[in-house]
Every structure is written in C-alpha cells, then in structure tokens.
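Tertiary structure, described
Take a look at the letters that make up each chain.
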Amino acid sequence: MDSIVTLTMNPALDITVAAPEVRPTSKIRCSRARYDAGGGGINVAKIAHVLGAPVAAVFPAGGASGDLLTQLIAEAGVPFRRIDIAEPTRESFTIDEEATGLQYRFLLPGPRLTPSEQAECVDQLRRQAMSTQFVVASGSLPPGVPADFYQRIADMCGATGARFVLDTSGAGLQHIKGGVAVLKASARELRECVGRELATESEQLDAAHELIDSGRAEAVVVSLGSEGAVLATATESYRFAAIPMRAVSGVGAGDAMVAGITVGLTRGWPLSTSVRFGIAAGTAMLMTPGTAPCTRADTERLFEIAEEPVELAVVPA
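Residues numbered from 1 in each chain as written. Predicted model: local features only at pLDDT ≥ 70, side-chain atom pairs only at ≥ 80, totals over all residues. Heavy atoms only, no water.

By the naming in an unreviewed UniProt entry, the chain goes by ATP-dependent 6-phosphofructokinase isozyme 2 and is assigned to Mycolicibacterium moriokaense. Listed in UniProt under the heading Sequence similarities (unreviewed entry), the comment for the chain reads: "Belongs to the carbohydrate kinase PfkB family." (UniProt positions renumbered as here; feature names shortened; annotations may be inferred.)

So this is what it looks like as structure tokens:
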C-alpha cells in the first residue's frame, strides 16, 4: 500500500541550462542541458520517495518528451501509472544567468487532453486511492481540462476515504467547493483566489480562514518564500519562520514543501510539525540544481534547526 499517491495533470520535461548573460536578440551560448521529470505532483512524488514514504505517481504523457519524462521517473525509483495521450508532453526551460545570479523560467501551456484521456486519469487515480492515505494533486490544469476538475478529485477522495492535499492556482483553485484536507497556496495564489489584496499577515490569515469557514478546506498553508509560512485551521493559526539559505535554484521548492508536509502527516505528526518539516524540505530543495530532488539528510538536518512555530490568536468569524 502506498501512503501517498500524486496526480500531475500537466507534467513537464524540465530543461535547465546556465548562460553567462541573457540578452535580447543575441545568440546565448548555454551549458549542457540538465533534464528532469517535472510538474507539481511528479516533484512531490520524487521528494516523498527520497524522504522514505511509499509513494506512486499518476500522470498523462505523450510523445518523445513524455517518453523521456517517464524514463527519468523510472530511473528515480518512483512507482508510477502513466496514461498515454496523443499530444506530446510539454517542456519547460530554465536559464540560470551566471553574471547576475538571476533565473529565467519559460513555461509552455501543455498538451490538450481529450475527455477519454481525462477519464482514464481519474480511473487510474481512483484505483490507487482505494488503498492510500493521501492523494496529492499539484500543478496547473492543461488545455481541455475543465476548471472544476480538482473538485471531481476531491469528491472521489471523499468516496474512497483518502485525504486530499491540493496545491494549484487559477481556475483550478477558484472552483474548489469542498473536500480538501490541506490546501497549500502562495500569497499570490491566495490573493487571486479571494479576489483582493492581502498586504499583511492578518489579511492572509483572514483569507485562509474564509476558505476554511466556507468548507472549502480543513486547513490552509500559505507559503511566503523568504518570510516563511502561515498555517490556518478552524481553531488555530501559526506563523513559521523561514530557514535562511542561499538558493541555487528556486524551482520545485513549493512542491518539496507539499511533499514534506504530506510525509509528516503519514508519520502521524501534528499538522504544525508537518508544516515545519515541509519548510525544511522546501529549503533543502533550494540547494539543488534544476528540479533535482533534495536529500533526506539535508531535510532532516534543516528540520532539526527550524524554529518552532508561533501560535497566533484566532478571531472568531
């Protein structure tokens, strides 16, 4: 039995290169490319596997890029269920500029999935969810997939008894009505979801509690980058400090955070402890190139030095 099953509806073959300088209209001489299997749920699965949790990844893939992505997942030792699709898997491209330390990321929209391909993804996930603790859906929805798709997954998890962890944005997040155990969002994603500016920690927590009070999620984790994170539940609110770290690459740090949180929950830890472990995993991810997974040793070491969260007062609605 897998403790965690991840769903990635829009996986990507991640290509990372370095260049001395990025200039418009110039030929940019790049280093040898690094290829990684990417996309939110795939990143979560890779990191959960590194952290020692039994995990399987479910994803659609097609074309030569999909074949290479599948090969890379297999080489990482992550069990998976691939759904074959007609159109090729998208690629994403990252350039690390050596002169400035800046990182440029170019993301393609992804293949258009047919209704039958979407249905096969749901069927494969349902089979896995029948015997798992947590289903994690992470990442964007590709063209052709309806905005309420993740709500269908939430309903399916409710029927199978699996706990649903969601990390998405845009319409996929806005169409969630309920059934999410843990919702992870960046400050920008939360702002877009509630449709207003969230300039302060208090406003961010108020927005998170709105989602909880409306029944859309049981708990909301808001990642704040270098400012740490906040956690809201129906009865508690916490502030978490970031762990200082110079980043090699920021790609996949949010996915690592989700992986760490979910792995912590599979260990039976309280949610606040699991979020602290997620912050450690996200910080460890900053130390790796491209979307290469962080190491278990780095994550455990950073977890030991991570500050305990500060509990904040919850103002009744």
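There is more to say, and it comes next.
All right, on to the environment of Asp14 then. Summarising the element assignment, Asp14 is placed in strand 2 (residues 12–19). By relative accessible area, Asp14 is classed as buried at 9%. Among the polar contacts made by the side chain of Asp14, one reaches the side chain of Ser92 at a distance of 2.3 Å. (Helix = DSSP H or I, 4+ residues; strand = E, 2+ residues; numbered from the N terminus. Buried < 20%, exposed > 50% of the residue type's maximum accessible area, 1.4 Å probe, protein only. Polar contact = N/O pair within 3.5 Å; in protein donor to acceptor, adjacent residues only side chain to side chain.)

Turning our attention to the pairing of strand 4 (residues 55–61). The buried fraction of strand 4 amounts to seven of the seven residues, a majority that puts the element mostly inside the structure. Taking every second residue as pointing to the same face, both faces of strand 4 are buried, with Val55, Ala57, Phe59 and Ala61 on one and Ala56, Val58 and Pro60 on the other. Bridging between strand 1 (residues 4–7) and strand 4 involves four bridges; their strand directions are parallel. Considered in strand 4, the bridge of Thr6 is made with Ala57. The pairing of strand 4 with strand 5 (residues 80–84) spans five bridges and is classified as parallel. Looking at the pairing, Val58 lines up with Arg81 of strand 5. Read from strand 4 through helix 2 (residues 63–75) to strand 5, the crossover connection turns out right-handed. (Pairing = 2+ DSSP bridges. Right-handed = clockwise from strand over helix to strand, strands pointing away.)

What follows deals with the environment of Thr283. Mapped onto the elements, Thr283 comes out in helix 9 (residues 271–285). Put simply, Thr283 and Leu224 are 59 residues apart on the chain and 12 Å apart in space, counted from C-alpha to C-alpha. Residues within four places of Thr283 in sequence aside, it is in contact with Ile243, Met245 and Leu302. (Contact = heavy atoms within 4.5 Å.)

How two aromatic rings sit relative to each other is set out by the distance from centre to centre and by the angle between their planes. Here the structure, examined in full by the defined rule, presents six aromatic pairs. Ring geometry for Trp269 and Phe277: centres 5.2 Å apart, planes at 85°, overall edge-to-face. Assessed through its relative accessible area of 25%, Trp269 is described here as partly exposed. Phe277 gets classed as buried once you look at its relative accessible area, which sits at 0%. Considering the side-chain rings of Trp269 and Phe303, the 5.3 Å spacing of their centres and the 10° angle between planes classify their relative orientation as stacked. In this pair, Trp269 is assigned in the loop between helix 8 (253–266) and helix 9 and Phe303 in helix 10 (residues 296–305), connecting sequence segments 34 residues apart. Take Phe303: its relative accessible area is 9%, and that puts it in the buried class. An aromatic cluster is defined as three or more aromatic residues linked by ring pairs; in this entry it consists of Trp269, Phe277 and Phe303. (Phe/Tyr/Trp six-rings, centres within 6.5 Å; stacked < 30°, edge-to-face > 60°.)

The next thing to look at is the sheet that holds strand 12 (residues 229–233). Strand order in the open sheet made by the 10 strands is 5-4-1-8-9-10-11-12-13-14, with mixed pairing throughout. If you trace the sheet from one side to the other, it starts and ends with strand 5 and strand 14 (310–312), each paired once. In this sheet, neighbouring strand axes are inclined to one another by 20° on average, regardless of whether the strands run parallel or antiparallel. Pairing analysis gives two bridges linking strand 9 (residues 163–167) to strand 10 (residues 180–186), with the strands arranged parallel. Residue pairing in the sheet places Val165 in a bridge with Val182 of strand 10. Strand contacts of helix 4 (residues 149–160): strand 1, strand 8 (134–138) and strand 9, with the helix running at about 160° to strand 9, the strand carrying the most contacts. (Axes fitted to C-alpha atoms, helices over the stretch in contact; angles between N-to-C directions.)

Relative to the assigned elements, Thr288 resides in the loop between helix 9 and helix 10. Taking the C-alpha atoms as reference, Thr288 lies 9.8 Å from Ala253; in sequence the two are 35 residues apart. Setting aside residues no more than four positions away along its own chain, Thr288 makes contact with Val248, Ser249, Pro293 and Cys294. From its side chain, Thr288 meets the backbone oxygen of Met285 in a polar contact 3.0 Å long.

Turning next to the pattern of salt bridges. Summed over the entire model, instances satisfying the criterion amount to 15 salt bridges. Residue Glu218 is joined to Arg163 by a salt bridge in which the shortest nitrogen-to-oxygen separation is 2.7 Å. Taken together, the residues Glu218 in strand 11 (residues 217–223) and Arg163 in strand 9 connect sequence positions 55 residues apart. The class of Arg163 is partly exposed, set by a relative accessible area of 37%. Salt-bridge contacts for Arg267 lead to Glu300; the nearest nitrogen and oxygen are separated by 3.5 Å. Separated by 33 residues along the polypeptide, Arg267 in the loop between helix 8 and helix 9 and Glu300 in helix 10 bring together distant segments of the chain. Taking relative accessible area as the criterion, Arg267 reaches 30% and is therefore assigned partly exposed. (Salt bridge = Lys/Arg side-chain N within 4 Å of Asp/Glu carboxyl O.)

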